Amino acid sequence: MLKKNIILIPARSGSRRIKNKNMKLCGGKPLIYWTLRAAKNSKNVNDIYVSTDSKKIANYCKKYGAKTPFLRPQKLSGSKTLMINVIKHFNNYLVKNNIQCDTIILLQPTSPLRKSIDIEKSIKIFYKYKSDSVVSVCK
């Protein structure tokens, strides 16, 4: 049975130390570019969504095929906002718009070295072991 996997990239404009860090250049491209690229090149991914409070980030991500159907509310865009609340907000959007999926894959833009193969391996592990979640780490 094929599963429907949706990637969610949370990318707020604020940051405690680096203003608009997701659009700062890293390797000649905005930081978020590397996550968009890995997501787009991943197999077994049906859709890519970006949850952001920034029109600039939203417009940039649309150019790379990500969906940005809403701007994240300010109450969910602060430095102390829990990621689970961002995911719940996104899930509510999916439910409200009758968009079904089996898995939400959270990819934070602050991990620019992640490759599409890493995403694919994580998906395989998730389904093989019937996990509740999978988290990638490196030394």
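Predicted model, so just to flag it, every value in this text is computed and none were measured.

A. View of the pairing of strand β1 (residues 5–10). Taking burial as the measure, the six residues of β1 include six buried ones, the bulk of the element. Burial along β1 is two-sided: N5, I7 and I9 facing one way and I6, L8 and P10 facing the other are all buried. Alignment of β1 against strand β5 (residues 103–106), held across four bridges, turns out to be parallel. Bridging from a neighbouring strand, L8 pairs with L106 of β5.

B. Main features of unusual backbone geometry. A positive phi angle, near 55 degrees, is found at N98, a position not held by glycine. As for its position among the elements, N98 is in the loop between α3 (83–96) and β5. In this model, K130 sits at a positive phi of 50 degrees, which is unusual for a non-glycine residue. Summarising the element assignment, K130 is placed in the segment after α4 (116–128).

C. Quick peek at the sheet that holds β1. Read from one edge to the other, the open sheet built from three strands follows the order β4-β1-β5, with strand pairing classed as parallel. The open sheet has two edge strands with one neighbour each: β4 (47–51) and β5. With strand direction ignored, the average angle separating the axes of adjacent strands in the sheet is 30 degrees. The sheet strands contacting α3 are β1, β4 and β5, and the helix crosses β1 at an angle near 130 degrees.

D. Local environment of the pattern of salt bridges. Enumeration according to the criterion identifies two salt bridges in this entry. D47 is paired through a salt bridge with K4; the nearest N and O atoms lie 3.9 Å apart. Placement of D47 in strand β4 and of K4 in the segment before β1 is noted, with a sequence separation of 43 residues between them. The buried category is assigned to D47, whose relative accessible area is 15%. It is possible to trace a salt-bridge network through shared partners that takes in K4, D47 and K67.

E. Expanded view of the environment of P73. Topologically, P73 is positioned in the loop between α2 (55–63) and α3. Judged by relative accessible area, which is 26%, P73 ranks as partly exposed. For the pair P73 and V86, spaced 13 residues apart in sequence, the C-alpha separation works out to 9.6 Å.

F. Highlighting the packing of aromatic side chains. On inspection of all chains with the given rule, the structure shows eight aromatic pairs. Here a set of aromatic residues connected by ring pairs shows up, and it is made of Y33, W34, Y60 and Y64.

G. Expanded view of the pairing of β4. Along β4, five of the five residues are buried, which leaves the element largely enclosed by surrounding structure. Burial along β4 is two-sided: the residues D47, Y49 and S51 and I48 and V50 are all buried. Bridge count for β1 against β4 is five bridges, and the pairing is parallel. When the bridges of β4 are listed, I6 appears paired with D47.

H. Summary view of the nonpolar core. Judged by nonpolar contacts, the single largest core of 21 residues is most densely connected at I7, I9, I32, L36 and V50. Of all elements in the fold, only β1, α1 (31–40), β4, α2 and α4 reach the threshold of two or more residues within this core. Looking at this core element by element, the count peaks at six residues for α1. Among residues more than four places away in sequence, those in contact with L36 are I9, V50, Y60, C61, Y64 and A66. In this structure, I6, L8, Y49 and Y93 belong to the second largest nonpolar core, which totals seven residues.

Scoring rules and cut-offs
Residues numbered from 1 in each chain as written. Predicted model: local features only at pLDDT ≥ 70, side-chain atom pairs only at ≥ 80, totals over all residues. Heavy atoms only, no water. Buried < 20%, exposed > 50% of the residue type's maximum accessible area, 1.4 Å probe, protein only. Helix = DSSP H or I, 4+ residues; strand = E, 2+ residues; numbered from the N terminus. Pairing = 2+ DSSP bridges. Axes fitted to C-alpha atoms, helices over the stretch in contact; angles between N-to-C directions. Contact = heavy atoms within 4.5 Å. Salt bridge = Lys/Arg side-chain N within 4 Å of Asp/Glu carboxyl O. Phe/Tyr/Trp six-rings, centres within 6.5 Å; stacked < 30°, edge-to-face > 60°. Core = buried A, V, L, I, M, F, W, Y, C linked by side-chain atoms within 4.5 Å.

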